[in-house]
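Architecture at a glance
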Amino acid sequence: MSFEDMGSSMNAETFVVDKQSREESLSDCVRDALNSYFTQLDGHGANNLFQLVMEEVERPLFQTVMEHTNGNQTRAAAVLGISRSTLRKKLALYDI
């Protein structure tokens, strides 16, 4: 059974990770989140994990950068190191 098949008791929208330290690096936070995710699966299979992680990381990344640049897409693209067209595609994908 995949994560998606497990029902309303577990879904990506309610997934929460307890923070152990305020000084954890982003990679440590991702590692902790994935370890918690696999623990919560309790032996069940995971599907589309890459897509799940990318959406969970990209959405707040783009939202925060857009807020930081006051909605200026040229500046946001420069901050992110991507083209404006890629930024626009991502903003549309995440409805930002």
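In case you missed it, the structure is sitting above this.
Here is what the cut-offs are and how they apply
- Residues numbered from 1 in each chain as written.
- Predicted model: local features only at pLDDT ≥ 70, side-chain atom pairs only at ≥ 80, totals over all residues.
- Heavy atoms only, no water.
- Helix = DSSP H or I, 4+ residues; strand = E, 2+ residues; numbered from the N terminus.
- Expected span 1.5 Å × (residues − 1).
- Buried < 20%, exposed > 50% of the residue type's maximum accessible area, 1.4 Å probe, protein only.
- Contact = heavy atoms within 4.5 Å.
- Axes fitted to C-alpha atoms, helices over the stretch in contact; angles between N-to-C directions.
- Parallel < 35°, antiparallel > 145°, perpendicular 65-115°, else oblique.
- Left-handed = near helix turned anticlockwise from the far one by under 90°.
- Phe/Tyr/Trp six-rings, centres within 6.5 Å; stacked < 30°, edge-to-face > 60°.
- Salt bridge = Lys/Arg side-chain N within 4 Å of Asp/Glu carboxyl O.
- Core = buried A, V, L, I, M, F, W, Y, C linked by side-chain atoms within 4.5 Å.

1. Some words on helix 1 (residues 26-41)
Between its first and last C-alpha atoms helix 1 spans 22 Å; for 16 residues at 1.5 Å apiece the expected length is 22 Å, and the two agree. For helix 1, the full list of buried residues reads D32, Y37 and L41. Contacts from the buried residues of helix 1 go to helix 2 (49-68). Once helix 1 finishes, D42 follows within two positions and takes phi at roughly 50°, a positive value.

2. Quick look at the packing of helix 2 against helix 3 (residues 73-80)
Helix 3 packs onto helix 2 with a crossing angle of 125° between their chain directions and a minimal axis gap of 9 Å. Classed by the angle they form, the pair helix 2 and helix 3 counts as oblique. When you trace helix 2 past helix 3, the crossing you get is right-handed. Within the contact between the two elements, helix 2 uses L61, F62, V65, M66 and H68 and helix 3 uses Q73, R75, A76, V79 and L80.

3. Section: the packing of aromatic side chains
One pair of aromatic rings is described through two measures. These are the centre distance and the angle between the planes. Evaluated as defined, the whole model comprises two aromatic pairs. Both rings, one in Y37 and one in F38, keep their centres 5.6 Å apart while their planes meet at 65°; by these two values the pair is edge-to-face. In this structure F38 comes out as partly exposed when scored by relative accessible area, which is 41%. Seen from their ring centres, F62 and Y94 are 6.4 Å apart, and the 25° between their planes marks the pair as stacked. Of this pair, F62 sits in helix 2 while Y94 sits in the segment after helix 4 (84-93), and the two are 32 residues apart along the sequence. Y94 carries the same exposure label as F62, and that label is buried.

4. As for the pattern of salt bridges
Throughout the structure, instances matching the rule amount to two salt bridges. Between R31 and D28 there is a salt bridge; the shortest N-O distance is 3.0 Å. In this pair, R31 and D28 are both assigned in helix 1, three residues apart and thus about one turn of the helix distant. The partly exposed category is assigned to D28, whose relative accessible area is 30%.

5. As for the nonpolar core
Counting eight residues, the largest nonpolar core consists of F62, V65, M66, A76, A77, L87, L91 and Y94. Counting residues per element, this core draws most heavily on helix 2, at three residues. If sequence neighbours within four positions are ignored, L87 has contacts with F62, M66, Q73, A76, A77, L80 and I82.

6. With respect to unusual backbone geometry
The bulk of non-glycine residues show a negative phi, and the bulk of peptide bonds are trans. The phi torsion at N48 lies on the positive side, around 55°, for a residue other than glycine. Tracing the backbone through its elements, the reader meets N48 in the loop between helix 1 and helix 2. Take N48: its relative accessible area is 60%, and that puts it in the exposed class. In the Ramachandran plot, N70 falls in the positive-phi region, its phi being about 50° despite a non-glycine side chain. Tracing the backbone shows N70 in the loop between helix 2 and helix 3.

Just geometry here; none of it tells us what the structure is for.
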